[in-house]
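Now for the letters of each chain:
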2 protein chains.
Amino acid sequence: MAVREPRGRGGRRPTLEQVAERAGVGRGTVSRVINGSPRVSEHTRALVEAAVAELGYVPNTAARALAANRTDAIALVVPEPERRFFAEPYFSDIVHGVGLALAETEVQLLLTFAGGDRERRRLAQYLGAQRVDGVLLVSVHAGDPLPDLVDQLGVPAVLSGRRSADERLPSVDSDNFGGGRAAVGHLLDRGRRTIALITGPLDVYGARRRHEGCLAALAAAGRPVDPELVAEGDFTEEGGRRAMAELLARRPDLDAVFAGSDVMAGGARLVLRGAGRRIPQDVALVGYDDSVIARHLEPALTSVRQPIVEMGREMTRLLLEEIAERAGGRPARGAGERRRLVLPTELVVRDSS
Amino acid sequence: MAVREPRGRGGRRPTLEQVAERAGVGRGTVSRVINGSPRVSEHTRALVEAAVAELGYVPNTAARALAANRTDAIALVVPEPERRFFAEPYFSDIVHGVGLALAETEVQLLLTFAGGDRERRRLAQYLGAQRVDGVLLVSVHAGDPLPDLVDQLGVPAVLSGRRSADERLPSVDSDNFGGGRAAVGHLLDRGRRTIALITGPLDVYGARRRHEGCLAALAAAGRPVDPELVAEGDFTEEGGRRAMAELLARRPDLDAVFAGSDVMAGGARLVLRGAGRRIPQDVALVGYDDSVIARHLEPALTSVRQPIVEMGREMTRLLLEEIAERAGGRPARGAGERRRLVLPTELVVRDSS
DNA sequence: CATCACGGTGGGAGCGCTCCCAACGTATCG
DNA sequence: CGATACGTTGGGAGCGCTCCCACCGTGATG
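Small disclaimer: the values here were computed from a predicted structure and weren't measured. Here, residues in each chain are numbered from 1, in the same order as that chain's written sequence. Chain A is the first chain written and ligand 1 is the first ligand written, with later ones labelled in order. With pLDDT at 70 or above as the cut-off, local features in this predicted model cover only qualifying residues; side-chain atom pairs require 80 or more to be listed or tallied, and sums for whole chains, interfaces and linings still use all residues. Side-chain numbers come from the whole structure's heavy atoms, not from hydrogens or water.

Close contacts around DNA strand D come from 28 residues, with L16(A), Y57(A), R27(B), T29(B) and T44(B) the closest. Close to the protein, within 4 Å, the atoms of DNA strand D belong to sugar or phosphate groups at a rate of 56%. Whenever two N or O atoms come within 3.5 Å, that pair is a polar contact, provided that in protein one can donate a hydrogen and the other can accept it, and provided that, for residues adjacent in sequence, both atoms are side-chain atoms. T29(B) places a polar side-chain atom, nitrogen or oxygen, 2.5 Å from a phosphate oxygen of DNA strand D. Helix and strand definitions here come from DSSP, where helices need a minimum of 4 consecutive H or I residues and strands a minimum of 2 consecutive E residues; each element is numbered from the N-terminal end. At the level of secondary structure, the elements contributing two or more residues to the surface near DNA strand D comprise α2 (27-34) and α4 (61-68) of chain A together with α2 (27-34) and α4 (61-68) of chain B. Here the residues of the surface near DNA strand D are counted per class, giving ten nonpolar, ten polar and eight charged. The criterion for a residue being near a molecule or strand is simple. One of its heavy atoms has to lie within 4 Å of it. Throughout, the ten residues Ala, Val, Leu, Ile, Met, Phe, Trp, Tyr, Cys and Pro are labelled nonpolar, Asp, Glu, Lys and Arg are labelled charged, and all others, Gly among them, are labelled polar.

What follows is the structure, encoded as structure tokens:
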């Protein structure tokens, strides 16, 4: 008498026990074969593998998760509304990179949106339910409590970017400093003398580092930094326009502009055009992110590329390491020994400079 | 002596048993409260809820899945490489709709890409492992074996679109016939007399229905269908260009074009421009999908909109119903009684017609 | 020839939950 | 007042797996 209905027409799926019986071995042995333990004789292994194939056995994830206290799944947590996620190529590349790192493994990727307040509360529940072995946190803003919450829950996590220089959590960042320096260095190489800087919001760590890179390039060339040539934007096009207008008013003689993002560069471009400046003849323009915008702008925008796919891959690698380590019973690392990675950025020169 | 290390610094999470003890009740009672059973007295319920809150109890998903034989998770299976998924707004809207339908429930969404052959094999494994209660299959091509595979595995599934008129699986489609009819009807209303049709690949069910809708509109207006005015495209821009060139060569007197997708309409537009035809003065142009392209084209493209968000929501609703039904022990429905839904399309008139 | 080591193996004891049945009141009825 | 009913409740029996310990046989060792 079947107590519960087998699911669907596929019928009940075979269990470890049945495979063991079929192969004429014990449960433990089958388990060892399934999990690739070396402590099984060649002969027995073949026997078991045959039985597995005949029965079409697939281990039940829930049972495994319960017994082994791991899920073989990680979550990519996006603290943004879905819309933005899909709109930005950044995320697409991250997911791609994560997929590459996961391809070799049996680990499953879950996508979780935590845009609203309500979703965030649910996320905490979710992580508490031990549905995943760890999380990748992308697009984390400075001051966001989410990373700390995750950390407190004892869930392994890796961030993309950092919230500050001494980020407590494992993170993968790109070399914002180097990117900013390369951009301004390039403008100097091109013989530009009066270089204006439109920064991102300076309380965002990445934006500040970019700016510091710019200053370093100027310093290395023995140029003084003129505060009149610096304006802060907010990563929006509107912000870029405002900053550019300001700069142009203060220093009509500027012959180059570095903007901390392509979007802001797009705004700056509009203002420059409006003022009758030709790009790049009168004013050279360089952006940051190497987004689609960069290629589609007229003229095509020189920009600093971040290796986003690579970042996704590295984040995943770090996370898997972290998970493996904790599972090994070793205590979680202190803040000091947490993994951190900074990947190189690259200047892509196009027509605007 | 702890045999296994508690995970991370969060320490071991409380279990049902501990909640029961704290509340001074039995395990069964706590379970009933957690699952919202009505067979619990108000007093006891309050007791248990207090204990749950104090201990910060969250049920362990794996244990629940194992015992109850359900996972409270569904997968959105995308049989495409990741790139395309992110590139097309279609998917973004589907995900959005799915999210809406899931918001009320405790069901989790998993995103799975099955672009390559290898991924497909893994998907089968995955579904066999009973990781999800059901799947949403989007962007299924005619002749794709994936849906049948899923069905054979006994996993509840819902398709977006259909593979044929008598699709065996539950599906949510949009009214392609009505969309095609509306588009051509609109052109007739505008007084166009010589309407050319660029169809999608006619072995794709949706494309064929669109085309049939066009023919119906012409028939309703008492217009004969001139085979010279029909050309088959392949949903690409290049295909649209080729078809348009052909049509223009055969019938230079055409004064309107309906293309089975916005992308093909974009290709057609280039050829029309090249031939010196003004849109819409000389030739009216209508597309299909109402994608971003439509709004950004010059002139803005009249197009047929599908309610994609709604489709995502309805797919999810159907799937959840299907799952609930099967869990109830009722046998899976035969092909005849499977759920099917067709949502209305809508013509969005812009400047090109 | 007894002893030891070790690769290989079987199977008990859980993991934390749901399901269900038996048992407990207490209220209702004849 | 005993019998019946019903709303509640406790807890046993698993779900299918991993982990680990005990045990087997073999070959090497003293």
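So that's the structure; there's more coming.
So, about the interface of chain B and chain A. Contacts are assigned to residue pairs with any non-hydrogen atoms lying within 4.5 Å of each other. Taken together, the 63 residues of chain B in the interface contact 63 residues of chain A. Note on terms: buried area is the combined drop in 1.4 Å-probe accessible area of two parts once they are placed together, counting the loss on both. In total, chain B and chain A occlude about 5100 Å² of area from one another, counting both sides; carbon and sulfur atoms represent 46% of this. Salt bridges are identified by distance alone: a Lys or Arg side-chain nitrogen within 4 Å of an Asp or Glu carboxyl oxygen. Viewed at the interface, chain A and chain B are joined by zero salt bridges. Of all elements in the fold, only α4, α5 (82-87), α6 (89-103), β2 (108-113), α7 (117-128), α8 (146-152) and α14 (308-327) of chain B reach the threshold of two or more residues within the side of chain B that touches chain A. Residue classes in the side of chain B that touches chain A are distributed as 26 nonpolar, 17 polar and 20 charged.

Residues and elements named next belong to chain A. A pair of strands is labelled paired if DSSP reports no fewer than 2 bridges between them. One open sheet holds the six strands; their spatial order is β2-β1-β3-β4-β5-β11, and the pairing between them is parallel. The open sheet has two edge strands, β2 (108-113) and β11 (340-343), and neither has a second partner. Direction aside, the axes of adjacent strands within the sheet are offset by 20° on average. The sheet contact formed by strand β4 (residues 157-160) and strand β5 (residues 171-174) spans two bridges and is parallel. Note on definitions: angles span 0 to 180 degrees between N-to-C directions of axes, and those axes are lines fitted to C-alpha atoms, for helices only across the stretch in contact.

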